[in-house]
Amino acid sequence: GVNQDAGKGGDSPQGRRLGGGGWLPAARAAEIDNVLVEACDGSSKQKWTVNTSDDGVTIWQVSSGELLTVKGCARAPLDPFGPGANVTVSPGFITPCNSSNLYWGVHTNGTITTDVDGQCLNVFEGTPGKPYNPGNVQTFSCAKGSKQLNSQWSVPPAGTAGPITSKDHGRCLSTGTAPSPSPPS
């Protein structure tokens, strides 16, 4: 896989979930809310809990009780300029991709990767000729991301509610209503 560091002690990647299936309830029918980064304000929409179980690592948004999710099990594009797959929160229902869109790897190099395709959680920086929209969060290639601040994060200790902060300008992961990145035309 792409960008899978050795984890603590060098023995295995952190947070990597192998296998499929999911136990999470179908609380409602669809994913809602874009996930974005905003100025950190300490609000409940900016508090997340990273939980580890036998199934893998999930990232829960505290105020909604929902999971950080790659919308529609989308894979990050090969286009070097993006945009990437949209990131939302959802109630955690079983999905067509064996719920891999609900599981993440949290790595010592600061990256957070999706189990969908191993790509990095990333702050969207725009496409050539398109304005930068500071705030949208996507999954995108880790090839450059592991060295770029828009793909590096600080996370609270496992099981503790707190902000997930982008190392790019220190903004906090948040739920909100910013538009999804639109495909290049």
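Residues numbered from 1 in each chain as written. Predicted model: local features only at pLDDT ≥ 70, side-chain atom pairs only at ≥ 80, totals over all residues. Heavy atoms only, no water.

**Q** Help me understand the overall build of the protein in this model?
**A** Helix and strand content of the protein: one helix and twelve strands. Each helix (α) and strand (β) of the protein, taken in turn from the N terminus, gives the series β-β-β-β-β-β-β-β-β-α-β-β-β. With 185 residues in all, the protein has 50% of them scored as buried. Taking as baseline every contact in the protein between residues at least 6 positions apart, the subset at least 24 positions apart corresponds to 65%. When the accessible surface of the protein is totalled, it reaches about 8,400 Å², and 56% of it is carbon and sulfur. (Helix = DSSP H or I, 4+ residues; strand = E, 2+ residues; numbered from the N terminus. Buried < 20%, exposed > 50% of the residue type's maximum accessible area, 1.4 Å probe, protein only. Contact = heavy atoms within 4.5 Å. Areas by Shrake-Rupley, 256 points an atom, 1.4 Å probe, with all protein chains shown as cover.)

**Q** Is there a simple way to think about the pairing of strand S2 (residues 48–53) in this case?
**A** Within a regular strand, the side chains alternate between the two sheet faces. Bridging between S2 and strand S3 (residues 56–61) involves six bridges; their strand directions are antiparallel. Paired with tryptophan 48 across the strands is glutamine 61, a residue of S3. Connecting S2 to the antiparallel partner S3 that follows it, the hairpin turn spans two residues. (Pairing = 2+ DSSP bridges.)

**Q** Looking at this structure, how should I read the state of the cysteines?
**A** Linking two cysteines covalently through their sulfur atoms gives a disulfide. What the rule picks out here adds up to three disulfides. Disulfide pairing is shown between cysteine 73 and cysteine 97; the S-S distance is 2.2 Å. Here the S-S torsion is close to -70°, and the disulfide linking cysteine 73 with cysteine 97 is therefore left-handed. Residue cysteine 73 is found in the loop between strand S4 (66–70) and strand S5 (85–90), and its partner cysteine 97 is found in the loop between S5 and strand S6 (104–106); the two are separated by 24 residues along the sequence. The disulfide bridge from cysteine 120 ends at cysteine 142, spanning 2.1 Å between sulfur atoms. Because the sign of the S-S torsion sets the handedness, a value of about 125° for the bond joining cysteine 120 and cysteine 142 places this disulfide among the right-handed ones. Of this pair, cysteine 120 sits in strand S8 (residues 120–123) while cysteine 142 is found in helix H1 (residues 142–145), placing the two residues 22 residues apart along the sequence. Overall, the relative accessible area of 0% leaves cysteine 120 in the buried class. Given a relative accessible area of 2%, cysteine 142 falls into the buried group. With cysteine numbering restricted to those in disulfides and following the sequence, the protein has the pairing 1-6, 2-3, 4-5. (Disulfide = S-S within 2.5 Å.)

**Q** Quick question: what am I supposed to make of the pattern of salt bridges here?
**A** A side chain with one charge may pair with a side chain of the opposite charge, provided their charged atoms come close. Per the stated rule, a full pass over the model turns up two salt bridges. Residue arginine 171 is joined to aspartate 168 by a salt bridge in which the shortest nitrogen-to-oxygen separation is 3.7 Å. Owing to a relative accessible area of 13%, arginine 171 belongs among the buried residues under this scheme. (Salt bridge = Lys/Arg side-chain N within 4 Å of Asp/Glu carboxyl O.)

**Q** What should I look at first to understand the pairing of strand S9 (residues 137–140) in this one?
**A** Of the two faces of S9, the one holding Val137 and Thr139 and the one holding Gln138 and Phe140 are both buried throughout. Pairing geometry for S8 and S9, over four bridges, is antiparallel. Note on S9: the bridge partner recorded for leucine 121 is threonine 139.

**Q** Where do I start with the environment of serine 100 in this structure?
**A** Tracing the sequence through the fold places serine 100 in the loop between S5 and S6. Assessed through its relative accessible area of 11%, serine 100 is described here as buried. With 44 residues separating them in the primary sequence, serine 100 and glycine 56 have C-alpha atoms 9.6 Å apart. A distance of 3.1 Å separates a polar atom in the side chain of serine 100 from the backbone oxygen of cysteine 97. (Polar contact = N/O pair within 3.5 Å; in protein donor to acceptor, adjacent residues only side chain to side chain.)

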